[in-house]
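Observations on chain architecture
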Amino acid sequence: MDFTFSEEQQAAAEAARGVFADVAPDTVPSPALTAGAVAEGYDRPLWARLAETGLTGLLLAPEHGGAGLDPVALCLVLRESAKVLARVPLLETSAAAAAVQAFGAAEPKAALLAGVARGGTVLTVAGHGRTGHDPAERAVTARRDGADWLLDGAQTAVPWAHDADLTLVPATDRNGGIVLALVPRGHPGTALAEQISTTGERLGELRLEAARLPVTRVIDAEGAWEWLRNLLLTGTCALALGLGERVLRMTADYTSTREQFGHPLATFQAVAVQAADRYVDLRAMEATLWQAAWRIGSGAAAQRPLPAAADVAVAKIWAAEGVRRVAQTAQHLHGGFGADVEYPLHRYHAWAKHLELSLGPASAHEEALGDLLAAHPLG
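These numbers were taken from a predicted model, which means no experiment stands behind them. (Residues numbered from 1 in each chain as written. Predicted model: local features only at pLDDT ≥ 70, side-chain atom pairs only at ≥ 80, totals over all residues. Heavy atoms only, no water.)

This paragraph deals with the overall build of the protein chain. Across its full length, the protein chain holds 10 helices and 10 strands. For the protein chain, whose C-alpha radius of gyration is 21 Å, the value lies close to the compact-globule estimate of 21 Å for 379 residues. By its C-alpha atoms, the protein chain is 80 × 55 × 40 Å across when sized along the principal axes. In the protein chain, which comprises 379 residues, the proportion classed as buried is 55%. Within the protein chain, residue pairs in contact and separated by at least 24 positions form 74% of the contacts whose partners lie at least 6 positions apart. Element-wise, carbon and sulfur atoms account for 52% of the exposed surface of the protein chain, whose accessible area totals about 16,100 Å². Both charge centroids of the protein chain, one from 31 positive and one from 43 negative side chains, sit 2 Å from each other. (Helix = DSSP H or I, 4+ residues; strand = E, 2+ residues; numbered from the N terminus. Rg over C-alpha atoms; globule rule 2.2 N^0.38 Å. Buried < 20%, exposed > 50% of the residue type's maximum accessible area, 1.4 Å probe, protein only. Contact = heavy atoms within 4.5 Å. Areas by Shrake-Rupley, 256 points an atom, 1.4 Å probe, with all protein chains shown as cover. Lys, Arg positive; Asp, Glu negative; His and termini not counted. Charge placed at Lys NZ, Arg CZ, Asp CG, Glu CD.)

A complete count under the given rule lists 24 salt bridges for this structure. Between Glu 40 and Arg 202 there is a salt bridge, with its nearest N and O atoms 3.7 Å apart. Of this pair, Glu 40 sits in the loop between helix H1 (7-20) and helix H2 (44-52) while Arg 202 sits in strand E7 (residues 202-214), and the two are 162 residues apart along the sequence. Salt bridges sharing common partners tie together Glu 14, Arg 17, Arg 79, Glu 80, Lys 83, Glu 245, Arg 283 and Glu 286. (Salt bridge = Lys/Arg side-chain N within 4 Å of Asp/Glu carboxyl O.)

Where burial is concerned, most of strand E3 (residues 148-159) is hidden: 10 out of the 12 residues are buried. A loop of 2 residues connects strand E2 (residues 140-145) with E3, the two strands running antiparallel in sequence, and Gly 146 in this loop sits at a positive phi of about 70 degrees. (Pairing = 2+ DSSP bridges.)

To continue, consider the environment of Gly 153. Of note, Gly 153 is situated in strand E3. C-alpha separation for the pair Gly 153 and Thr 141, spaced 12 residues apart in sequence, amounts to 6.3 Å. Leave out the neighbours within four places in its chain, and Gly 153 touches Arg 130, Ala 139, Val 140, Leu 206, Arg 207 and Leu 208.

The next point concerns the nonpolar core. Among the nonpolar cores identified, the biggest contains 85 residues, and Phe 20, Val 77, Leu 168, Leu 228 and Leu 243 are the most heavily contacted of them. Sorting elements by how many residues they give to this core places helix H6 (residues 224-257) first, with 15 residues. Beyond its immediate chain neighbours, meaning those up to four positions away, Val 77 contacts Ala 12, Ala 16, Phe 20, Leu 55, Leu 58 and Leu 90. Grouped together as the second largest cluster of nonpolar side chains are 18 residues, Ala 142, Val 158, Leu 208 and Ala 211 included. (Core = buried A, V, L, I, M, F, W, Y, C linked by side-chain atoms within 4.5 Å.)

What follows is the structure, encoded as structure tokens:
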């Protein structure tokens, strides 16, 4: 595979750097000092700038007002957003819209995707299930009732649930198939309870009780949920990489200027070795991320010996373990200064923990990888 980015992908990353250049990670209260949510919703002015730059429709085809780019381009943009802890539903909206574009019915698709490209429609995905470890599709059941579908169950930790216009909810039907339901916010038969993430952002527990949806609002195409989940996981890895890179840079800057015994901390062997180990983590996170994004975007998902889900699992294992180690080492090398609420490192630490556990911890993906290896013997 070729790790060289195309001109279009590089242009997307450059546009993202321009949008995020003046974004500060401390524009909301510290989660360490806030009992509830740090803010009511996402950063709407920043979201509007992303829409003006064409980054909200990055994966959408030109006929829907999008840029027609691929998951690699999206990951490049997400990487930049995480460096400033951008509070926008870019991953969830982009991934959900791409799934609707690829698998959704024609009737609601055009208007919905055009709204996403303009930034006027926000989407999210209920991808955590009840625990974040068990498959999300098992948390909700779906059954046909005439021309409609009825949904029952609950999904926890839904990002931006209180702001999104539609939530894509995976559910299992009576035949064991998996469907994706497009559930409008406040839809009859649904209830939304507030949850707070480690980052201080509002999440939602979405409860469904005989929630009725027309067939046009339910995607029953085979493989739709697996494709969407792989894209969400890969995007989460991109966020972890961007955050880790910024944290390591903060650590390098601090240890280069902070002196002990008349010498910068960075000149001590113990400090340099720890920083070097974390640099290796980041490079492994990067290599596995681009492998996963390339598999999803190139159409090579079904190639042997292993499906794309294996590469995605490897990327998430590295991202979860790597971002945790980077954040912990940064806190250690900063000393007490890392816990100062006037300094942004504690915010990055909270986001790192959230990304580590998002869509399942490393252990869940190690189990999934083991299942794939058992089902697809390499020998």
